[in-house]
Amino acid sequence: ALDTRTLRAKSGCITFDEGYGNTGSCQSDISFIDGEKGILRHRGYPIEQLAEHSSFLETAMLVIYGELPHEECLDAFRQHVRRNASIHTGMHHHFDGFPSDAHPMAILSAMLNSLGAYYPEMSSNNRDQDLAHFDETAALLISKVRTIAAMTFRMKMGLPFEYPDHKRRYTENFLHMMFSEPYGEYVDDHGAAEALDLFLMLHADHEQNCSTSTVRMVASGGANLFASVSAGVCALWGPSHGGANMAVIKMLEEIHQDGDDGTRFIEAAKKGEAKLMGFGHRVYKNYDPRAKILGKSAENMLQSMGMQDPLLDIAKRLEQAALEDDYFVSRKLYPNVDFYSGIILKAIGIPVEMFTVMFAIGRMPGWIANWKEIAENPKSRIHRPRQIYTGETQRDYVKLGDR
Ligand code: ACO
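Residues numbered from 1 in each chain as written. Predicted model: local features only at pLDDT ≥ 70, side-chain atom pairs only at ≥ 80, totals over all residues.

A. Examining the overall build of the protein chain more closely. Each helix and strand counted, the protein chain has 19 helices and three strands in total. The C-alpha radius of gyration of the protein chain comes to 23 Å, within 12% of the 22 Å expected for a compact globule of 403 residues. For the C-alpha atoms alone, the extent of the protein chain along its principal axes is close to 70 × 55 × 55 Å. Put simply, the protein chain has 403 residues, and 44% of those count as buried. Once local pairs closer than 6 in sequence are excluded, the contacts in the protein chain between residues at least 24 apart make up 76%. (Helix = DSSP H or I, 4+ residues; strand = E, 2+ residues; numbered from the N terminus. Rg over C-alpha atoms; globule rule 2.2 N^0.38 Å. Buried ≥ 20, exposed ≤ 12 C-beta atoms within 10 Å, placed from the backbone. Contact = placed C-beta atoms within 7 Å.)

B. Local environment of the UniProt feature "active site" (unreviewed entry) in the protein chain. Those residues carrying the UniProt feature "active site" (unreviewed entry) are H281 and D338 in this numbering. A stretch of 58 residues holds the annotated residues, and the largest C-alpha distance among them is 10.6 Å, short enough that they meet in one place. Looking at where H281 falls in the secondary structure, it is placed in the loop between α14 (263-270) and α15 (289-304). Judged by the 22 C-beta atoms lying within 10 Å of it, H281 is buried. Setting aside residues up to four positions removed in sequence, H281 forms contacts with D288 and N336. Assignment of secondary structure puts D338 in helix α18 (residues 338-348). (UniProt positions renumbered as here; feature names shortened; annotations may be inferred.)

C. Representation of the nonpolar core in the model. One finds L108 and I344 to be the most contacted residues of the largest nonpolar core, which totals 113 residues. Top contributing element to this core by residue count: helix α19 (residues 355-376), with 13 residues. (Core = buried A, V, L, I, M, F, W, Y, C linked by C-beta atoms within 7 Å.)

D. Summary view of the sheet that holds strand β3 (residues 45-46). Strands sit in the order β1-β2-β3 across an open sheet of three strands; the sheet is antiparallel. Only two strands of the sheet have a single partner each, and these edge strands are β1 (31-34) and β3. Where β1 meets strand β2 (residues 39-42), four bridges bridge the pair, whose relative direction is antiparallel. Paired with F32 across the two strands is R41, which belongs to β2. (Pairing = 2+ DSSP bridges.)

E. Layout of the packing of helix α8 (residues 134-157) against α19. Between α8 and α19, whose axes approach to 9 Å, the crossing angle comes to 165 degrees. Classed by the angle they form, the pair α8 and α19 counts as roughly antiparallel. Handedness of the crossing formed by α8 with α19: right-handed. The residues of α19 that touch α8, namely those facing F134, A138, L141, I142, V145, R146 and A149, are V357, A360, I361, M364, P365, I368 and K372. Residues of the contact of α8 with α19, tallied by class, amount to 12 nonpolar, no polar and two charged. (Axes fitted to C-alpha atoms, helices over the stretch in contact; angles between N-to-C directions. Parallel < 35°, antiparallel > 145°, perpendicular 65-115°, else oblique. Left-handed = near helix turned anticlockwise from the far one by under 90°. Nonpolar A, V, L, I, M, F, W, Y, C, P; charged D, E, K, R; others polar.)

F. Spatial organisation of unusual backbone geometry. Of note, the phi angle at E207 is positive, near 60 degrees, even though the residue is not glycine. You will see that K332, though not glycine, has its phi angle at about 55 degrees, which is positive. With respect to the helices and strands, the residue K332 is situated in the loop between α17 (326-330) and α18. Take K332: there are 13 C-beta atoms within 10 Å of it, and that puts it in the partly exposed class.

G. Fine view of the pairing of β1. Residues S31 and I33 line the buried face of β1, whereas the alternating positions F32 and D34 sit on a face that is not buried. Between the antiparallel neighbours β1 and β2 lie four residues, among them G38 with a positive phi of about 70 degrees.

H. Quick peek at the packing of helix α3 (residues 56-65) against α19. Following both chains from N to C, one finds α3 and α19 inclined at 20 degrees, their axes separated by 8 Å at the closest point. In terms of orientation, α3 lies roughly parallel with respect to α19. By crossing handedness, the relation of α3 to α19 is classed as right-handed. Facing A60, V63 and I64 of α3, the residues of α19 in contact are P365, G366, I368, A369 and K372. A per-class count over the contact of α3 with α19 returns six nonpolar, one polar and one charged.

I. Structural context of helix α11 (residues 210-220). Judged by how many residues are buried, α11 sits mostly within the fold: nine of 11 residues are covered. Within α11 the residues assigned to the buried category are S211, T212, T214, V215, R216, M217, V218, A219 and S220. Check the buried side of α11 and you find it contacts α12 (225-236) and α19. Positive backbone phi, at 95 degrees, marks G222, one or two positions downstream of α11.

And the structure:
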């Protein structure tokens, strides 16, 4: 039998798997998905149980550290997150440099990378040193990503920044930083903080999706956690990934404005003229379990607010129509996490442009956990896929005047 090193040296073959549909890029203990059965578990715990009993910060600890924390550990983590909510005033000035119509994801990625510059001891690109500060960095990022998001919103609205209030819990504090008026405190009178906590928790991790595998790719080269999660934000931005939550609301609004009940849109999607955003998934060939939970949560939230959103009715009709249509059934296309999440965010008052940023706040624990897995593994190698070259064969250089 040959050892791994000899096998690697001897191997001349390249596996071609467009889009990595069937390539395992790593071994991981964090999240498990069975796409055929619609199962998602973090560290072995089913997402349905976490949604019912846990909170975002507790699930973040589970995802990052591997176990449900004891009460004193959870309290200490919460304290750590609370104490880290403010950002260096030097960073406040960075916001002056962005145009007011800059996309919040561009700002978030730039600010997370810049944040590392304020903590050189935690962003040394020396694995041992970065790992020695890991607990501090993890709590700091989970806390400050939320502050940066709220400051981005305030900057774009032309409002003064609202400082964090350390007495408030994670999502309450975020809503305070977003929505408190200069002379009036934000009051959560319809369970927005709780709904937001569930939203964030359901986004905490999801195996080797595009942004998480980007984080791992960057981490594999030895880059620090700030740089790695900043790259994750860029990967999340696209409409086929985290940007889908914005695209879903835009699609539902367009359907509503056209006076369509969803039938015309479904027909257009079947002809390939449109895409049913929030539907389909590379791994789930069944219901995304997070979509089920969020669909119920969106309905409960609107009910408790005494609010009616025609977009929810359209979404439910679209879902029903798609589930009964052979085009979607034969391709195993079901609602994914983005299908109902925007309705919750919209009801809370978060503008559509910020939706993917909200996804990034939720996904931060997963990115951190995946970075840690790479950094702690002494055997981890730099990620370096091969390609199938399809360009010109060798040819001779032609001087400028002879072309
Ligand atoms: N609407 C209509 N048709 C669809 C949809 C959709 N949302 N998604 C896939 N299809 C069709 C494709 O056209 C293809 O049809 P064909 O076999 O006739 O060519 C078939 O279903 C298979 O689709 P693929 O594109 O091969 O699926 P892939 O795994 O590459 O893509 C993806 C998955 C990107 C999620 C895709 O389903 C999609 O674009 N969905 C809409 C965007 C979205 O909701 N993204 C969020 C994903 S979840 C997340 O990242 C958080």
